[in-house]
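Structural overview for review
The residues making up each chain are set out below.
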Amino acid sequence: MTIVRRESLAEQAAELLLSRIRDGEWEIGGKLPGETTLAPQLGVGRSTAREAIRILAGRGVLTTRQGAGVFVTATDTPASWEAVLARADVVAVIEARTAIEVEAAALAARRRTAVELNDLRRALEDREQHRSDIGEHVETDMAFHRCIIVAAHSPVLLELFDGFESRSRQAMIDMLRLRGHHGDQADHDTHELIYEAIASRDTEAAATRTRAHLNALKELLR
C-alpha cells in the first residue's frame, strides 16, 4: 500500500487552492475562509490546509495578517529562477553576464589580492591550453571569469554568477557552435588584456575591456 506523506498531500492541497484562486474564486485582496471551512473543501485536515497556505504564502500568492486572516496577494506563482534561465536566449545570457562581470572586473582590479591574481593567471594559462575542444574551452573560460568574480570580493555578484553558470556555459557552447570556430588568438589576447588591467589595478580599463569583450560576443549573434 502506498502511503501519501503529509508534505505531498499539502502540496496537492496547495495546487488545488491555487487552481481555485486562478479561476477567480477569490480576487487579489480577497480573504480566504477560515481553516475550519477551507480544510473540508480541499479534502484535507486543518493542519494540512494550514501547511498548504504556508506553501502558497512562500510563493507570494497568499499573505497572513495577524488577527485578520489570510488574503490573496497574487493569482499565480512567479516563475522559478530555473524556469527563467531555461527560457533565456543566448543574447539575454550575455547581457546578464555583462551586468555582473563589468562591475566585478572593476572591483577585482581594486580589491584583488596577490593570491587571487596568481589564481587568475593560472586560469588564463589553463584557458590557453584548452582551445581545441568546445566543452573544455568553455569550461576553462568560465573558470577564468569566475576567478574575477571571486577577486571582486562581492558575495552577491558571486551568488548571481554561480546561480546561472550552468545556463551560461550551455549558452556559450551553443553560440560557439553557431559561430563555427572558437579559441582564436584574438579572443585569448582580449582575456590577456583583461588580466593585465586587473593586475595593474586599472579599474576603468578592466571594466571597459570586459564590456567590449561581452559586447563583441553579442554582436556575433546579430
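Residues numbered from 1 in each chain as written. Predicted model: local features only at pLDDT ≥ 70, side-chain atom pairs only at ≥ 80, totals over all residues. Heavy atoms only, no water.

**Focus on the confidence of the model for the protein**
Convention followed: Confidence per residue, as judged by the predictor, is encoded in pLDDT with a range of 0 to 100. A run of H or I in DSSP counts as a helix once it spans at least four residues, and a run of E counts as a strand once it spans at least two, with each numbered from the N terminus. Contacts: residue pairs with any heavy atoms within 4.5 Å of one another.
The pLDDT averaged across the protein works out to 87; a share of 90% of its residues lies at or above 70. Within the protein, the lowest mean pLDDT, 66, falls on helix H4 (residues 81-87), and the highest, 96, falls on helix H6 (residues 114-128). Counted against residues more than four places away or in other chains, residues 1-7, with its pLDDT under 50, gives four contacts.

**Some remarks on the pattern of salt bridges**
Basically, it comes down to this: The salt bridge definition used is simple: a Lys or Arg side-chain nitrogen within 4 Å of an Asp or Glu carboxyl oxygen. Burial status follows relative accessibility: with a 1.4 Å probe on protein chains alone, a residue under 20% of its type maximum counts as buried, one over 50% as exposed, and anything between as partly exposed.
Applying the stated criterion across every chain, the model contains 17 salt bridges. Across the pair Glu-192 and Arg-121 runs a salt bridge whose closest N-O atoms are separated by 2.9 Å. Taken together, the residues Glu-192 in helix H10 (residues 185-199) and Arg-121 in helix H6 connect sequence positions 71 residues apart. The exposure class assigned to Arg-121 is partly exposed, which follows from its relative accessible area of 24%.

**A look at the packing of H10 against helix H11 (residues 203-219)**
We count it as follows: In this analysis an axis means a line fitted to C-alpha atoms, helices contributing only their contacting stretch, and an angle means the value between N-to-C directions, from 0 to 180 degrees. Note on angle classes: values under 35 degrees are labelled roughly parallel, values over 145 roughly antiparallel, values of 65 to 115 roughly perpendicular, and the remainder oblique. Left-handed is the label given to a crossing in which the near helix is rotated counterclockwise from the far helix by less than a right angle, and right-handed is the label when the rotation is clockwise. Three classes are used: nonpolar for Ala, Val, Leu, Ile, Met, Phe, Trp, Tyr, Cys and Pro, charged for Asp, Glu, Lys and Arg, and polar for all others, with Gly counted as polar.
Contact geometry of H10 with H11 gives a least axis separation of 8 Å together with a crossing angle of 160°. Between H10 and H11, the angle falls in the class roughly antiparallel. By crossing handedness, the relation of H10 to H11 is classed as left-handed. Contact with H10, carried on its side by Asp-187, Thr-190, His-191, Leu-193, Ile-194, Ala-197 and Ile-198, involves Ala-205, Ala-206, Arg-209, Thr-210 and His-213 of H11 and no other residues of that element. A class-by-class count of the residues in the contact of H10 with H11 yields six nonpolar, four polar and two charged.

**A few points about the pairing of strand E2 (residues 69-72)**
Stated formally: Strand pairing is assigned whenever DSSP identifies at least 2 bridges connecting the two strands.
One ladder, built from four bridges, connects strand E1 (residues 62-65) with E2; its direction is antiparallel. Bridging across to E2, Leu-62 finds its partner in Val-72. Counting the residues that bridge the hairpin from E1 to E2 gives three residues, and of these Gly-67 lies at a positive phi of roughly 80°.

**Describing the packing of aromatic side chains**
Note the threshold: Pairing of aromatic side chains requires ring centres within 6.5 Å, counting the rings of Phe and Tyr and the six-membered ring of Trp. Pairs whose planes differ by under 30 degrees are stacked, by over 60 edge-to-face, and all others tilted. Definition used: whenever NZ (Lys) or CZ (Arg) falls within 6 Å of the ring centre and also within 35 degrees of the ring normal, the charge is taken to sit over that ring.
Summed over all chains, the structure comprises zero aromatic pairs. A cation over a ring is seen here: Arg-65 above Phe-71, with NZ or CZ 4.0 Å from the ring centre. Cation over ring: Arg-121 sits above Tyr-195, and NZ or CZ is 4.7 Å from the ring centre.

**Considering the nonpolar core**
As a reminder of what qualifies: Here, the term nonpolar core denotes a set of buried Ala, Val, Leu, Ile, Met, Phe, Trp, Tyr and Cys residues that are joined through side-chain atoms within 4.5 Å.
The biggest cluster of nonpolar side chains holds 22 residues, and the ones touching the most others in it are Ile-94, Val-138, Ile-149, Leu-157, Met-172, Met-175 and Leu-217. Listed by contribution, the elements that provide at least two residues to this core are helix H5 (90-111), helix H7 (134-151), helix H8 (155-163), helix H9 (165-179) and H11. For this core, the element with the most residues is H5, which contributes six residues. In terms of nonpolar packing, the next biggest core, distinct from the first, is built from 21 residues, Leu-17, Ala-49, Leu-56 and Val-70 among them.

**A closer look at H11**
Which entries qualify depends on this criterion: In a helix, the anticipated span is given by 1.5 Å times the number of residues less one.
When the terminal C-alpha atoms of H11 are compared, their 24 Å separation across 17 residues agrees well with the 24 Å that a helix rising 1.5 Å per residue should span. Within the span of H11, buried status applies to Ala-205, Ala-206, Ala-207, Thr-210, His-213, Leu-214, Leu-217 and Lys-218.

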